[in-house]
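Here are the chains, one letter per residue:
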Amino acid sequence: MPSLRQVRVGRLLTIRELARQAGVAMSTVYLIEAGRSRPSFRVIRQLAAALGVEPQTVDEFRGALEPRYAPPPVEPER
C-alpha cells in the first residue's frame, strides 16, 4: 500500500496544493505524512476525495481506520 506522500507526489501535488484542495491546514497534511498525527474520519474523507482514491488504499488512512473497526476483545470464560 502506498503512503500518503507517495500518492500525493504521484499526483504531482505539493503539501500546500493538497491541503487547499482538501480544505485542511498544510500542517495537517505534514503531520500525517510525518507520522505525528492520526487523521480523523472527516480529514480522511477530505484527503481521499482530493486525491481521488479510496481511503483504504493509503497506509496512514488504513492505519487510522483499522483500530476503530476492530472487534472488541473477547474476555475468557471463567
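Just so it is clear, the structure is predicted and the values come from calculations on it, not from any experiment. (Residues numbered from 1 in each chain as written. Predicted model: local features only at pLDDT ≥ 70, side-chain atom pairs only at ≥ 80, totals over all residues. Heavy atoms only, no water.)

*Asks:* Explain the pattern of salt bridges to me, please; I cannot follow it from the model alone.
*Replies:* Two side chains carrying opposite charge are able to pair once their charged atoms lie near each other. Evaluated as defined, the whole model comprises two salt bridges. Where Arg8 meets Glu33, a salt bridge forms, and the shortest distance between an N and an O atom there is 2.6 Å. Placement of the pair is Arg8 in helix α1 (residues 4-10) and Glu33 in helix α3 (residues 26-33), with a sequence separation of 25 residues. Where Arg62 meets Asp59, a salt bridge forms, and the shortest distance between an N and an O atom there is 2.6 Å. With Arg62 and Asp59 both in helix α5 (residues 59-69) and three residues apart, the pair spans about one turn of that helix. The class for Asp59 is partly exposed, based on a relative accessible area of 28%. (Salt bridge = Lys/Arg side-chain N within 4 Å of Asp/Glu carboxyl O. Helix = DSSP H or I, 4+ residues; strand = E, 2+ residues; numbered from the N terminus. Buried < 20%, exposed > 50% of the residue type's maximum accessible area, 1.4 Å probe, protein only.)

*Asks:* I would appreciate a short explanation of the packing of helix α2 (residues 15-22) against helix α4 (residues 41-51) in the present structure.
*Replies:* A pair of packed helices is captured by two measures, namely the crossing angle of their axes and the spacing between those axes. Look at α2 against α4: their axes get within 8 Å of each other, and the N-to-C directions meet at 110°. Relative to α4, the element α2 lies roughly perpendicular. Crossing geometry of α2 relative to α4 is assigned as right-handed. Of the residues in α4, those touching α2 at Leu18, Gln21 and Ala22 are Gln46, Leu47, Ala50 and Leu51. (Axes fitted to C-alpha atoms, helices over the stretch in contact; angles between N-to-C directions. Parallel < 35°, antiparallel > 145°, perpendicular 65-115°, else oblique. Left-handed = near helix turned anticlockwise from the far one by under 90°. Contact = heavy atoms within 4.5 Å.)

*Asks:* Can you help me understand the environment of Glu75 in this one?
*Replies:* With respect to the element layout, Glu75 can be found in the segment after α5. Linking Glu75 and Ser40, residues 35 residues apart in sequence, is a C-alpha distance of 29 Å.

*Asks:* I tried to follow unusual backbone geometry on my own but got confused; where do I start?
*Replies:* What is expected of a backbone is that most residues other than glycine have negative phi and most peptide bonds are trans. Its identity as a non-glycine residue notwithstanding, Leu12 has a phi of 55°, on the positive side. By the secondary structure assignment, Leu12 is in the loop between α1 and α2.

*Asks:* What exactly am I supposed to notice about the packing of α2 against α3 here?
*Replies:* As a packed pair, α2 and α3 sit with axes 8 Å apart at the nearest point and diverge in direction by 115°. Both α2 and α3 take part in a crossing whose hand is right-handed. Of α3, the residues touching α2 (which contributes Ile15, Arg16, Leu18 and Ala19) are Met26, Val29, Tyr30 and Glu33. Broken down by class, the residue content of the contact of α2 with α3 amounts to six nonpolar, no polar and two charged. (Nonpolar A, V, L, I, M, F, W, Y, C, P; charged D, E, K, R; others polar.)

These results come straight from atomic positions and should not be treated as a statement about function.
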